[in-house]
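# Summary of the model geometry
Residue-level listing of the chains:
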Amino acid sequence: MSTATAKRVSYDIGCMKSLRSLPDRVVKKFLDLMTKYMSDPSAGGLNLESVEGSKDKALKSLRVDQGYRAIAFEAGRDIMFVHVNEHDKAYRWASGRRVKLDASTNRVRIVEVLEEAQTVSPITAETPTLFAGIADKRLIALGVTEEEIPAARTISSLDDLESREGHFDATTFQVLYGLAAGYSDEEVYALTGIAQEETAQSPAEASFEDLISSEESRQTIFIPESQEELRRFFEGELDGWRVFLHPEQRKLAYREYNGPAMVRGGAGTGKTVVAMHRAKHLADQIKLDPKRAGERILVTTFTRSLAQDIEANLKTLCPEHLSKEASRIEVVNLDRWVSQFLKRKDFERRIAFFGEDRAELDSIWEDVFIDHALPDGLSEAFVRAEWSQIIQAQGLLEKSSYLRASRVGRGTPLDRRKRAQLWDIFSDYRARLISKNLAEPDDAYREAIEILKAKAPQLPYAGVVIDEAQDMGEQAFRLVRAIIPESAGGDTNSIFIVGDAHQRIYARRASMKACGINIRGRSRRLKLNYRTTQEIRAWAVAILEGIAVDDLDDGVDSFAGYTSLMSGPAPQTIHHSNRAAELDGLASWIKRQVEQGGSVEEIGVLAVTNASADEVCKELGHRGINTLRLSATTGDDRTKPGVRVTTMHRAKGLEFFAVALPFLSEGEFPPKFTLQNAVDAADLEDIHRQFRSLLHVAATRAKKALLVSWTGRPSSMFPESPQCD
């Protein structure tokens, strides 16, 4: 073998899969061998040997120990490991495979070439095979290699296909799985990331070096950048999504933008994954340029718990950027950022985010209402909602501005006289806030914006990445624009936003354009759901049927093209005669999940309220089930045992193999008190919309299994109101 110093080592996803079935001692030896080579290639090269009888002369073997061999493909300066197994099994595997440089799909592929005798199907003519009705030409156009078509012709069922996954190239398997699941050609192209035939412009030929680094090949091939990343990959700390991005995801995360950009997409499409990789990409650029030492990427979201979850994932994805020695990524929810910023600027007023300060706001309102008569036909609840949704949301500081302000969506009309009366109430409330040394969050945001605009402090941020944008309001995005102002030199890679208005569970809306963030021409939508089965996805989507949703700017969004990668059992919707029976049923369902091989840490029970979540913990404990209660301020450490129990709101950003949604009866979902607080018909409609989105979000936390239960009459928000037994 040639001198090792110039070699680049990579790993096909099949290498990882083969290692999972081997003894730990073999995996450790292989990892030690790879790590030593990566740390000092010149100390001892990889002693690759030819594989006797292999159809591909570029396939080589490497001795791991006396009984095990690794199979690798060698081309120029590249070595790609594709399989590890016992000596004879590894050689048999290699003898029937070759590496194909497929310029038509822009990727490196490992295909099994069967002998003619092996391709004869045992299926009789009376029993057609799964793909009998699909022509070879169509299969090839969709991405199946010619070499694998004979094997594809022998598949009898979806179960048969799944059992033979290891015999197909990863892309071919995706194509066949999509077709078996009934996907259209367009959906299959989206699934694999292959350009459609009429638009594809791949070169007729391409080298291994050209293809291995393509966005398409990176969907199944891992090229570690450091020993630490290599170790984390093989020890299982890096989940597949952190390594093998879909080509469309990689394009969005790793490209250059000449201004703010937005990525939308339904639940499970990997928006947060893209956001985290985007932060990593921008931090990588800072690391490579000594002149940029001290710069940071700000990653922010709406709630503290979501920020904690994202930070934990980033510490696994790119720990080198979140260390104390080199902090290139800062993760913090926006409320906390504002609080810390204003504290440094000696802002004297207390910000009423929660707790006693919020209670004091209620007390101030009570005093204001004692001293002011309300305009005819308006309630105290309506006035407070007008303050929150119009005055504070739009940042109105003068009476004239309020008299001209748009109130689209507020329902109850207000003439000029009533607006003038209300302004007197709002002015008094604002004055009392100041006298009490209190500020609402929107006040704090505006104060921070004014400081940033007036004093132009030297912030360390080279860019901002925003997750769950649909839950942020107008003041939040105006603040982001102030943190990263558009400079005279341009707006390159400044702001990256991900969100989905279908998942808006708080009463906040904003138009990017109105907040000074121009995403025109730089907005994309992800359509492929990697998390949730098609059956659960369809149930969750039906919850929002008929509801108009914005695109987080000045347009509308839809579920068009939104589909799932996997298939599975339909959601279970179960009626119970009483509360105790429902809790017994929940406990039985959890025990069945565990008996079927599930992990308790991968089971989530999502309740509507904190009180209901506490009740679940108590009652499951009485039934012998250990639980872990997740609060709004705690992260989900999967090393801690117990079924996860939390609220639907807290579950945002989490995912579980199995999810249970209990207590979804009429009157409990939505809770009666929430509906009773509606100030008018428009407000009531908005509350219903928020709770439909909340149920949609909760259901899409499930990967494979979903249980929905209730006592008495079911919630009217179900896609199809089931009949009670």
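Rules of the game
- Residues numbered from 1 in each chain as written.
- Predicted model: local features only at pLDDT ≥ 70, side-chain atom pairs only at ≥ 80, totals over all residues.
- Heavy atoms only, no water.
- 1 Å grid on protein atoms, 1.4 Å probe; cavity = no way out; pocket = protein on both sides within 12 Å on 5 of 7 lines; lining within 4 Å.
- Points joined across faces, edges and corners; volume = space filled by probe spheres on them.
- Helix = DSSP H or I, 4+ residues; strand = E, 2+ residues; numbered from the N terminus.
- Expected span 1.5 Å × (residues − 1).
- Buried < 20%, exposed > 50% of the residue type's maximum accessible area, 1.4 Å probe, protein only.
- Arc of directions from axis to C-beta.
- Contact = heavy atoms within 4.5 Å.
- Polar contact = N/O pair within 3.5 Å; in protein donor to acceptor, adjacent residues only side chain to side chain.
- Pairing = 2+ DSSP bridges.
- Axes fitted to C-alpha atoms, helices over the stretch in contact; angles between N-to-C directions.
- Phe/Tyr/Trp six-rings, centres within 6.5 Å; stacked < 30°, edge-to-face > 60°.
- Lys NZ or Arg CZ within 6 Å of the ring centre and 35° of its normal.

### Observations regarding empty space enclosed by the protein
Any space left empty among the atoms is revealed by the rolling of a water-sized probe across them. With the rule as written, the count across this model stands at one cavity of 30 Å³ or more. A volume near 40 Å³ is recorded for the largest cavity. The wall of the largest cavity is formed by Gly265, Gly266, Asp500, His502, Arg525, Leu526, Asp557, Ser558, Phe559 and Tyr562.

### A word on helix H23 (residues 579-595)
With 17 residues, H23 ought to run about 24 Å at 1.5 Å a step, and its terminal C-alpha atoms sit 24 Å apart, in line with that. Among all positions in H23, only Glu582, Leu583, Leu586, Ala587, Trp589, Ile590 and Gln593 are buried. Seen from one end, H23 has its buried residues packed into an arc of 160 degrees, which puts them on one side. Those residues of H23 that are buried lie in contact with strand E21 (572-576), strand E22 (603-607), helix H24 (610-622), strand E24 (643-647), strand E25 (656-661) and strand E26 (702-711). One side-chain oxygen of the residue at the start of H23 lies 3.2 Å from the amide nitrogen of Ala580, identifying that residue as Asn578. Looking one or two residues beyond H23, the residue adopting positive phi is Gly597, at roughly 100 degrees.

### Thoughts on the sheet that holds strand E14 (residues 461-466)
Hydrogen bonds along the backbone pair up the strands of a sheet, which may run parallel or antiparallel. Taken together, the six strands give an open sheet; going across it, the order is E11-E10-E14-E15-E9-E16, and neighbouring strands pair in parallel fashion. Looking at strand neighbours, the two that pair on one side only are strand E11 (329-331) and strand E16 (523-526), the edges of this open sheet. Here the strands of the sheet are splayed against their neighbours by 20 degrees on average, with no regard to which way each runs. When E14 meets strand E15 (residues 495-499), the two strands line up parallel, connected through three bridges. Across the sheet, residue Val464 finds its bridge partner in E15, namely Ile495. Relative to the sheet, helix H12 (residues 247-254) contacts strand E9 (261-265), E15 and E16, its axis offset from that of E16 by approximately 150 degrees. In the packing of helix H14 (residues 304-317) onto the sheet, contacts are made with strand E10 (296-300) and E11, and the angle to E11 comes to roughly 150 degrees.

### Here we look at the side chain of Asp284
Residue position: Asp284 is located in helix H13 (residues 271-288). Residue Asp284 is classed as buried on the basis of its relative accessible area, which comes to 16%. A polar side-chain atom of Asp284 sits 2.6 Å from a polar atom in the side chain of His321. Residues contacting Asp284, with those up to four places away along its chain left out, are Glu320 and His321.

### So, the pairing of strand E5 (residues 78-86)
The element E5 is largely enclosed, with a buried count of eight among its nine residues. Here strand E1 (residues 8-12) pairs with E5 via four bridges, running parallel. Bridge assignment links Val9 to a residue of E5, and that residue is Ile79. In the sheet, strand E4 (residues 68-75) pairs with E5 via eight bridges, with the strands oriented antiparallel. Within E5, the residue paired with Tyr68 across the bridge is Glu86. In textbook terms, the turn of a hairpin is the stretch between consecutive antiparallel strands, and for E4 and E5 this stretch comprises two residues, one of which, Gly76, has a positive phi near 60 degrees.

### Describing the sheet that holds E26
Across the sheet, six strands lie side by side as E21-E26-E25-E22-E24-E23; this open sheet has parallel pairing. Either end of the sheet is taken by a strand with one partner, and the two such strands are E21 and strand E23 (627-629). On average, each strand axis in the sheet is tilted by 25 degrees relative to the strand beside it, whichever way the strands run. Sheet analysis places E21 next to E26, joined by five bridges and oriented parallel. Bridging from a neighbouring strand, Thr573 pairs with Val708 of E26.

### Points about the packing of aromatic side chains
Enumeration over the complete set of coordinates arrives at 25 aromatic pairs. Ring geometry for Trp365 against Phe369: centres 5.4 Å apart, planes inclined by 20 degrees, an arrangement best described as stacked. One end of the pair is Trp365 and the other is Phe369, both in helix H16 (residues 356-371) and four residues apart, which spans about a single turn. Clustering of aromatic rings is evident, with ring pairs tying together Tyr11, Phe30, Phe81, Phe222, Phe233, Phe234 and Phe244. Taking the ring centre of Phe663 as reference, the NZ or CZ of Arg579 above it sits at 3.6 Å.

In short, shape yes, function no, at least from these values alone.
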